[in-house]
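Residue-level structure breakdown
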Amino acid sequence: EAHLAAKRALMEMVRERCGVALAEDAIVLAFARRMTGYKRLDLLFSDIERLRRIARERPLQIVVAGKAHPRDEHGKELISLLHRDLAALAPEVRGAFLPGYSMDVARVMVAGADVWLNTPLPPMEASGTSGMKAAFNGVPSLSVLDGWWMEGCVEGVTGWAIGRPGDDPARHADALYEALEQRVLPLYYGERHAWIQVMKGAIGQTAAFFNSHRMMRRYAAEAYLRLTP
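Residues numbered from 1 in each chain as written. Predicted model: local features only at pLDDT ≥ 70, side-chain atom pairs only at ≥ 80, totals over all residues. Heavy atoms only, no water.

1. A look at the pairing of strand E4 (residues 115-118)
Quick reminder of the rule: A simple rule labels every residue: compare its accessible area, found with a 1.4 Å probe on the protein chains alone, to the largest value its type can have, and call it buried under 20%, exposed over 50%, or partly exposed in between. In this description a helix means any DSSP run of H or I spanning at least four residues, a strand means any run of E spanning at least two, and both kinds are numbered starting from the N terminus. One requirement defines pairing of two strands: DSSP has to find at least two bridges between them.
The two faces of E4 match: Val115 and Leu117 on one face and Trp116 and Asn118 on the other face are all buried. With two bridges connecting them, strand E1 (residues 27-32) and E4 associate as parallel partners. Across the sheet, the residue bridging to Ala30 is Trp116, located in E4.

Given below as structure tokens:
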């Protein structure tokens, strides 16, 4: 019930800012972070036709937000391409790009999404704290095994991995679609109790261990305050 209330708040924000009506009973994938090349938001849109086919079998909705650095021309181009891809996917896939990305927008997204998507190019992800924030709200991650997710992913318990450690990054798009088709969507639509257990796993096993308190303790003890001989 708490998650549904948060999801309705996200739906209302999307309706007000984008004019897109999301369905409460359909899964929402969310991605919100700095728009730059190595984050690879475009990975999800690598095969538009396959994404359409997946959505025909089981409804799929996408909500995205983020900003590019003013001098990051590639990042700004990614935002432009994202709008194109979302338009191309309609009406099979409902999607929206929330403008004016801010902490307030991020707060609504990490609480209201059903799955938090993360698709960095390994080994470029330093940490990936947005997924940790989502976990505190009972939102599992679907992520490439990089950054904190290398430690945080317990497959089918705290979320799901895209590919395996050491995979060729060129295979990640296919691995992402496979995860959606075979693990994530069937669980969401077919086994509600099991899905809720994953949500609880995100809180109980992820949020309890991966948080800013632990981060600061380790930075202080292992980096900032460590004395060299």
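More follows now that the structure is in view.
2. Here we look at the nonpolar core
Convention followed: Put simply, buried Ala, Val, Leu, Ile, Met, Phe, Trp, Tyr and Cys residues joined by side-chain atoms within 4.5 Å make one nonpolar core. Contacts are assigned to residue pairs with any non-hydrogen atoms lying within 4.5 Å of each other.
The biggest cluster of nonpolar side chains holds 41 residues, and the ones touching the most others in it are Phe45, Ile62, Leu142 and Trp195. For this core, the element with the highest residue contribution is helix H7 (residues 172-190), accounting for ten residues. Setting aside residues no more than four positions away along its own chain, Trp195 makes contact with Ile27, Asp114, Val115, Pro140, Trp160, Val184, Leu187 and Tyr188. Within the second largest apolar cluster, 20 residues are counted, among which are Met13, Leu22, Ala96 and Leu98.

3. Some words on the side chain of Lys7
Put simply, the rule reads: Contacts described as polar in this section are N or O atom pairs within 3.5 Å, which, within protein, must combine one atom able to donate a hydrogen with one able to accept it, while residues neighboring in sequence count only if both atoms come from side chains.
Structurally, the position occupied by Lys7 is in helix H1 (residues 2-18). Among the polar contacts made by the side chain of Lys7, one reaches the main-chain carbonyl oxygen of Ala26 at a distance of 2.8 Å. Each residue touching Lys7, except ones within four places of it in the same chain, is listed here: Ala23, Glu24, Ala26, Ile27, Val28, Gly112, Asp114 and Tyr188.

4. Side note on the sheet that holds E1
Backbone hydrogen bonds are what pair the strands of a sheet, in a parallel or an antiparallel way. In plain terms, the rule: Axis lines are fitted through C-alpha atoms, for helices just across the contact stretch, and the angle between N-to-C directions can take any value from 0 to 180 degrees.
The six strands lie next to each other as E3-E2-E1-E4-E5-E6, forming an open sheet whose pairing is parallel. What marks the edges here is a single partner per strand, and that holds for strand E3 (94-98) and strand E6 (159-162). Looking at each pair of strands side by side, their axes are set apart by 20° on average, direction ignored. Along the sheet, helix H3 (residues 73-89) contacts strand E2 (60-65) and E3; its crossing angle with E3, the most-contacted strand, is approximately 155°.

5. Points about unusual backbone geometry
Cis rather than trans, the peptide bond between Ala90 and Pro91 has omega equal to 0°. By the element assignment, Pro91 lies in the loop between H3 and E3. Although it is not a glycine, Arg40 adopts a positive phi angle of roughly 55°. Counting through the fold element by element, Arg40 comes out in the loop between E1 and helix H2 (48-57).

6. Side note on the side chain of Arg33
Rule in force here: For the purpose of counting charges, residues Lys and Arg are taken to be positive, whereas Asp and Glu are taken to be negative. His and the chain ends are not included. Here, a salt bridge means any Lys or Arg side-chain nitrogen found within 4 Å of an Asp or Glu carboxyl oxygen.
Following the sequence through the fold, Arg33 ends up in the loop between E1 and H2. An unpaired buried charge is present at Arg33: no salt bridge exists, and Glu125, the closest side chain of opposite charge, is 5.0 Å distant. Side chain to side chain, Arg33 and Asn118 meet in a polar contact 3.5 Å long. Only 2.7 Å separates the side chain of Arg33 from the side chain of Ser130, close enough to count as a polar contact. If we skip the residues at most four places from it in the chain, Arg33 touches Lys39, Ala65, Gly66, Lys67, Tyr101, Trp116, Leu117, Asn118 and Ser130.

7. A look at helix H4 (residues 103-112)
Of the positions making up H4, those classed as buried are Val105, Ala106, Met109, Val110, Ala111 and Gly112. Buried-residue contacts for H4 involve H1, E1, E2, E3, E4 and helix H5 (129-136).

8. Here we look at a nonpolar patch on the surface
Condition: A patch consists of residues exposed above 30% relative accessible area that lack any salt bridge, with like charges linked at up to 9 Å and nonpolar side chains (Val, Leu, Ile, Met, Phe, Trp, Tyr) linked at up to 5 Å. Per-residue and other accessible areas follow the Shrake-Rupley method at a 1.4 Å probe size, with only the shown protein chains counted as cover for residues.
On the surface, a cluster of nonpolar side chains totalling about 560 Å² of accessible area is made up of Met215, Met216, Tyr219, Tyr224 and Leu225. Tracing the sequence through the fold places Tyr224 in helix H9 (residues 212-224).

9. What about the pattern of salt bridges?
Opposite charge on two side chains permits them to pair, given that their charged atoms come into close proximity. Per the stated rule, a full pass over the model turns up 17 salt bridges. Two residues, Arg107 and Asp104, come together in a salt bridge whose shortest N-O distance is 2.7 Å. In this pair, Arg107 and Asp104 are both assigned in helix H4, three residues apart and thus about one turn of the helix distant. A single salt-bridge network, built from bridges that share partners, covers Glu49, Arg52, Arg56 and Glu92.

10. Remarks on the packing of aromatic side chains
To keep things clear, this is the line we draw: The criterion for an aromatic pair is that two Phe, Tyr or Trp rings (for Trp, the six-membered ring) have centres within 6.5 Å, with stacked assigned to planes under 30 degrees apart, edge-to-face to planes over 60 apart and tilted to the rest. Here, a charge over a ring is recorded when the distance from Lys NZ or Arg CZ to the ring centre is within 6 Å and its angle to the ring normal is within 35 degrees.
Taken as a whole, this structure holds seven aromatic pairs when the rule is applied. Residues Trp148 and Trp149 carry aromatic rings whose centres are separated by 5.1 Å and whose planes lie at 65° to one another, so their mutual orientation is edge-to-face. For the pair Trp148 and Trp149, a shared accessibility class is recorded, and that class is buried. Ring geometry for Tyr219 against Tyr224: centres 5.6 Å apart, planes inclined by 15°, an arrangement best described as stacked. Note that Arg33 overlies the ring of Phe31, its terminal NZ or CZ placed 4.3 Å from the centroid.

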